[in-house]
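# Close look at the chain arrangement
Letter by letter, the chains look like this.
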Amino acid sequence: MQLSILDYAQIDEGKDAYQAFHHTIQLAKMAEKYGYSRFWMAEHHDVPAFASSSPEMMMMHLLNQTSRIRIGSGGVMLPHYSPFKVAENFRVMETLFPGRVDLGIGSTIGTPRVNKALNEMKQKKLPFETSIQDILSYLTSKEVVDSHRMAGITANPYTKQSPSIWLLSASMRSAKIAAKRGLGYTFGLFPLAGRDNMERGLKAVEYYRAHFEPSELLNKPQVSIALFLVLGETQSEAEYLAQALDFWLLGLDDFSYYKQFPSVATAQSYRYSEQEKETIKLNRARMVMGDVKSVTSQLDELTEKFSADELLVIPLMPDIKYRLRAVELLGETYLIKPKPD
């Protein structure tokens, strides 16, 4: 099993965006040291506590700060953007850092305000599957074929090697597209609360594997499962840290309530309604939480259940020291030997 990390460049309570970016660099270097497969940057807009609004720019910086680990987007929210421009951005990175670039693609449009701001002058959007096919055309060919509406155009700089492409989702729709187009597939257990999300994921992954059609990018299905991780030195420490994530996942005012990622003290000072307490119970299904023994047992169970090739963990925990230690503990536990700097 391979391990990878998805990072939001979270701004911890009492910190700022500059420090958040520095923390992301620390995490990426720690992940590389322990042999993690990938380090992906999320895309979030109008969320004060998350500094990762432009995964491509963060990727370029992280590629320069590391030497071996694959760096990717988790993901580019394609409905907002020109497939041609996305292809050009990733061809630039692939040319500069061949064999180390992942293009993870999502379809979330965000809040109505975010959607409006990112598409202010557009009359309409391309269908998502059309945008995916466009990305593939631009990235795998020197010139787009004559039958394409943009026939003859080239996404520069042209390289024979393309980034790996993954579709990210919590639904069957992207599983079908990923299978049909021969792309990697990441199912997110974290976006939605409730146990039925597990059943939805199992069905989506089963469909993807059964209907996968090999492509020039990928010759066999590749599945990763994404989930929140709260890992402590002890079970009690993990329970303590999870309180911050419990509070965060209430999503108050579309997450604008939180100007920074909350500390445990802030989470403990909040007066929860009975409904919010029930929501917290449901949200625990979105995370793996505990000490090393408990967490590895849960991760092994998920890996077996999904026949996953990879786990994409999201260490959304307060304070960078706990996130770094979680990455280190997981690396040590899965016998990923630290590599020399």
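Residues numbered from 1 in each chain as written. Predicted model: local features only at pLDDT ≥ 70, side-chain atom pairs only at ≥ 80, totals over all residues. Heavy atoms only, no water.

## Points about the layout of surface pockets
Considering only enclosed or pocket space, the largest pocket measures out at about 1,000 Å³ in volume. In terms of lining residues, the largest pocket is bounded by 46 residues, among which Glu43, His44, Thr108, Phe190 and Pro191 are the most central. If you list the elements that add at least two residues to the lining of the largest pocket, you get helix 4 (112-118), strand 6 (164-169), helix 6 (172-181), strand 7 (184-188) and strand 8 (223-231). Of the residues belonging to the lining of the largest pocket, the class tally is 22 nonpolar, 17 polar and 7 charged. (1 Å grid on protein atoms, 1.4 Å probe; cavity = no way out; pocket = protein on both sides within 12 Å on 5 of 7 lines; lining within 4 Å. Points joined across faces, edges and corners; volume = space filled by probe spheres on them. Helix = DSSP H or I, 4+ residues; strand = E, 2+ residues; numbered from the N terminus. Nonpolar A, V, L, I, M, F, W, Y, C, P; charged D, E, K, R; others polar.)

## Some points on the pairing of strand 3 (residues 70-73)
Walk down a regular strand and you will see the side chains alternate between the two sheet faces. Bridge count between strand 2 (residues 38-41) and strand 3: 4 bridges; the pairing is parallel. Looking at the pairing, Phe39 lines up with Ile71 of strand 3. On the question of chirality, the crossover connecting strand 2 to the parallel strand 3 by way of helix 2 (residues 55-65) is right-handed. (Pairing = 2+ DSSP bridges. Right-handed = clockwise from strand over helix to strand, strands pointing away.)

## Points about empty space enclosed by the protein
A water-sized probe rolled over the atoms picks out the places where empty space is left. Enumeration over the complete set of coordinates arrives at 1 cavity of 30 Å³ or more. There is about 40 Å³ of room inside the largest cavity. Residue lining of the largest cavity: Leu6, Asp7, Tyr8, Ala9, Gln10, Leu27, Ile314, Pro315, Leu316 and Arg323, and that is the complete set. Residue classes in the lining of the largest cavity are distributed as 7 nonpolar, 1 polar and 2 charged.

## Section: the nonpolar core
Ranked by size, the top nonpolar core spans 109 residues in total, and within it Phe39 and Trp248 carry the most contacts. With 8 residues, the single largest contributor to this core is strand 8. Setting aside chain neighbours within four positions, we find Phe39 in contact with Ile5, Asp7, Thr24, Leu27, Ala28, Ala31, Leu62, Ile69, Arg70, Ile71 and Gly72. (Core = buried A, V, L, I, M, F, W, Y, C linked by side-chain atoms within 4.5 Å. Buried < 20%, exposed > 50% of the residue type's maximum accessible area, 1.4 Å probe, protein only. Contact = heavy atoms within 4.5 Å.)

## So, the environment of Gly201
For Gly201, the location among the structural elements is in helix 7 (residues 196-211). Classification of Gly201 as buried rests on a relative accessible area of 0%. When the C-alpha atoms of Gly201 and Ile165 are compared, they prove to be 20 Å apart, with 36 residues separating the residues in sequence. In this structure, Gly201 is in contact with Phe187 and Phe306, ignoring residues within four places of it in sequence.

## Looking at the pattern of salt bridges
Applying the stated criterion across every chain yields a total of 18 salt bridges. Across the pair Asp309 and Arg209 runs a salt bridge whose closest N-O atoms are separated by 3.5 Å. Taken together, the residues span a long stretch of sequence, with Asp309 in the loop between helix 11 (292-306) and strand 10 (310-314) and Arg209 in helix 7 at a distance of 100 residues. Here Asp309 falls in the partly exposed class, since its relative accessible area comes to 30%. (Salt bridge = Lys/Arg side-chain N within 4 Å of Asp/Glu carboxyl O.)

## Concerning the packing of aromatic side chains
Ring pairs (aromatic) are described by centroid distance and by the angle formed between their planes. Applying the stated criterion across every chain, the model contains 18 aromatic pairs. On the basis of an interplanar angle of 35° and a centroid distance of 5.3 Å, the ring pair of Tyr185 and Tyr208 is categorised as tilted. Of this pair, Tyr185 sits in strand 7 while Tyr208 sits in helix 7, and the two are 23 residues apart along the sequence. Consider the rings of Tyr257 and Tyr258, whose centres lie 5.6 Å apart with planes at 85°: the pair is edge-to-face. Residue Tyr258 is classed as buried on the basis of its relative accessible area of 3%. (Phe/Tyr/Trp six-rings, centres within 6.5 Å; stacked < 30°, edge-to-face > 60°.)

## Things to note about unusual backbone geometry
Residues other than glycine predominantly adopt negative phi, and peptide bonds predominantly adopt the trans conformation. Omega for the bond connecting Gly74 with Gly75 falls within 30 degrees of zero, at -5°, which places this linkage in the cis form. Take Gly75: it is sitting in the loop between strand 3 and strand 4 (76-77). Residue Pro157 is bonded to the preceding Asn156 through a cis peptide linkage, with omega at 0°. With respect to the helices, strands and loops of the structure, Pro157 is situated in the loop between helix 5 (128-140) and strand 6. With a phi close to 55°, Asp254 is a non-glycine residue in the positive phi region. Note that Asp254 resides in the loop between helix 8 (235-248) and helix 9 (264-269).

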